[in-house]
Amino acid sequence: MNVQAEHHDGVLVAKVEGRVDSSNSQDFERQLHEAFGDDAGAVVMDLGQLAYISSAGLRVVLLVAKTLGQRNVGISLCSLSGPVQSVFEISGFNRIIQIHENRTDALAAAGK
Amino acid sequence: MSDRSSARAARAANPDYKILVVDDEPDLERLIRQRMRRHIRSGRYGFEFAGNGIEALEKLTEVDDIDIVLSDINMPKMDGLTLLQQIPEVNSDIRSVIVSAYGDMENIRTAMNRGAFDFVTKPIDFADLQVTIDRTLSHLDEWRAALASRDKLVALQNELDVATKIQQSILPATFPRVDGCEIFGCMEAARNVGGDFFDVIRLDRGCLGLAVADVSDKGVPAALFMMSSRTLLKGAAVGVGEPALVLGEVNDLLNETNDAAMFVTVFYGVYDPSTRVLTFANGGHNPPLVVHADGSSEELELTGGIALGAVPHFEYGQAKVQLQPGDLVVFFTDGVTEAINLANEEFGLETLQALFEDGKAGSAREAAEMILQAVREFAGEAPQFDDLTCMTLRVADE
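Everything numeric here is computed off the predicted structure, so don't read it as measured data. (Residues numbered from 1 in each chain as written. Chains lettered and ligands numbered in written order. Predicted model: local features only at pLDDT ≥ 70, side-chain atom pairs only at ≥ 80, totals over all residues. Heavy atoms only, no water.)

## As for unusual backbone geometry
Working step 1: In this chain, Lys-122 of chain B is followed by Pro-123 of chain B through a cis amide linkage whose omega measures -5°.
Working step 2: Among the secondary structure elements, Pro-123 of chain B is positioned in the loop between β5 (118-122) and α7 (126-169).
Working step 3: In this model, Asp-9 of chain A sits at a positive phi of 45°, which is unusual for a non-glycine residue.
Working step 4: Tracing the sequence through the fold places Asp-9 of chain A in the loop between β1 (2-8) and β2 (11-20).
Working step 5: We note that Ser-79 of chain A has phi near 60°; this positive angle belongs to a residue other than glycine.
Working step 6: Note on placement: Ser-79 of chain A falls in the loop between β4 (74-78) and α3 (82-91). (Helix = DSSP H or I, 4+ residues; strand = E, 2+ residues; numbered from the N terminus.)

## With respect to the sheet that holds strand β3 (residues 68-72) of chain B
Residues and elements named next belong to chain B.
Working step 1: Spatially, five strands are ordered β2-β1-β3-β4-β5 in an open sheet, and the strand pairing comes out parallel. The strands lining the two open edges of the sheet, one partner per strand, are β2 (45-50) and β5. Across the sheet, the mean angle separating the axes of adjacent strands is 20° when strand polarity is ignored.
Working step 2: Bridge count for strand β1 (residues 17-22) against β2 is six bridges, and the pairing is parallel. (Pairing = 2+ DSSP bridges. Axes fitted to C-alpha atoms, helices over the stretch in contact; angles between N-to-C directions.)

## A look at the packing of aromatic side chains
Residues and elements named next belong to chain B.
Working step 1: One pass over the full model with this rule turns up nine aromatic pairs over all chains.
Working step 2: On the numbers, 5.5 Å between centres and 25° between planes, the contact of Phe-267 with Phe-280 is stacked. In this pair, Phe-267 sits in strand β9 (residues 264-272) while Phe-280 sits in strand β10 (residues 277-283), placing the two residues 13 residues apart along the sequence.
Working step 3: Assessed through its relative accessible area of 1%, Phe-280 is described here as buried.
Working step 4: When the ring of Phe-267 is compared with that of Phe-331, the centres are 5.6 Å apart and the planes differ by 50°; the resulting orientation is tilted. One end of the pair, Phe-267, is in strand β9; the other, Phe-331, is in strand β14 (residues 328-332), with 64 residues separating them in the sequence. Judged on exposure class, the residue Phe-267 and its partner Phe-331 are both buried.
Working step 5: The rings of Tyr-45, Phe-47 and Phe-49 are connected pair by pair, giving a single aromatic cluster.
Working step 6: Seen from the ring of Trp-143, Arg-95 lies directly overhead, with NZ or CZ sitting 5.2 Å from the centre. (Phe/Tyr/Trp six-rings, centres within 6.5 Å; stacked < 30°, edge-to-face > 60°. Buried < 20%, exposed > 50% of the residue type's maximum accessible area, 1.4 Å probe, protein only. Lys NZ or Arg CZ within 6 Å of the ring centre and 35° of its normal.)

What follows is the structure, given as structure tokens:
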């Protein structure tokens, strides 16, 4: 698992790669906190290269979304693969966090 | 005294390491204090002195944080080789360095066999002595770090044992006997302790509340969250009735204090054996599988729910399914379908469905045990990351 941060016109894009499960969810949490820092205006998590996420990983996404929400920082996800998409649908988290089909859509929505 | 010299004096009074020098040669103390003065002043080493083995043992009892004993071999009253045998009884954390005459291989061998860490020869070469002391100290540091991490591992293991006990203690061990249906449930815990649970709750008018749940994350916090989820669910199931309202109430209560953003996915259904109707609400859990007598199967619909604990004040939906005689409902957690083998392939829903294709599901117990057995065989040597939980409801044949 690896998180890479990129900036696109004031929007912070965090690209997540690999698998996230209970064995590395703490590392995932730490890497996301480092990537987001304190000054992001809006955040997009690009999950295109995320192969698998377990409930421990979902908890981290939820925690990050809540923390950013308290700071009025918008967060959305994009480019989910089939299996990851279905994890978000079954858990109902697609109702809590905005999910876009691709990065272009996510950036356009975040820029508004 | 200036600030600088008083700070230096404070450092020297409280050195990083304490070395006890044992020798009957009175000049040695003066020599060491002189040759090691820079290290003494900087506070790296502090020295204590004793004239023979007896005095050394007294000193070790008096000053309990000595790190190294540097001892001569030939001394009156108690020699260095005898002292070596006595030191571990006073403090096993001390490392000894022996000072012997050049070429005295017999005594050096005896000393090493009695646990000396190293030796230096007389006349003492102070540069060599310092290298020896530093090597001994760095060994000591590593040894102490290893001890500390072992203690941490033991503490962690204890913590995991607590979590395992909590988890095991809340699972039903017996299942109600009800006319017209049969129920069984089992769980195989992952080594790193997850948060699965299942429950069977007796309700009014012969109905049964059936729950299967999976808490996000592992360890003691997850186990405690699981414990309160299960208690709240039981209470709401008895008090509220309708599955959607039960999930709504538990969700609100879990959201009251949940800074860690923990959540639990819950499938909760109420089965009425007299009508064979299962009314259910799904809080973000993977949908159960309904297997028919002919071996065909399908998942129960999702009811638009969210995992409990994630957002407050959510209105859960519910649905009903009319079961037929001979139907089997398999409630499970994603540990079953997401189990992986060494080739990193998932067990998957299709494999689960294929188990029943021949239409011989057997009893509730046989079906549940067959599923866990199939997952175990599939996973082979691959480590089990998640709990495997399977609960089955078998509708009696007509």
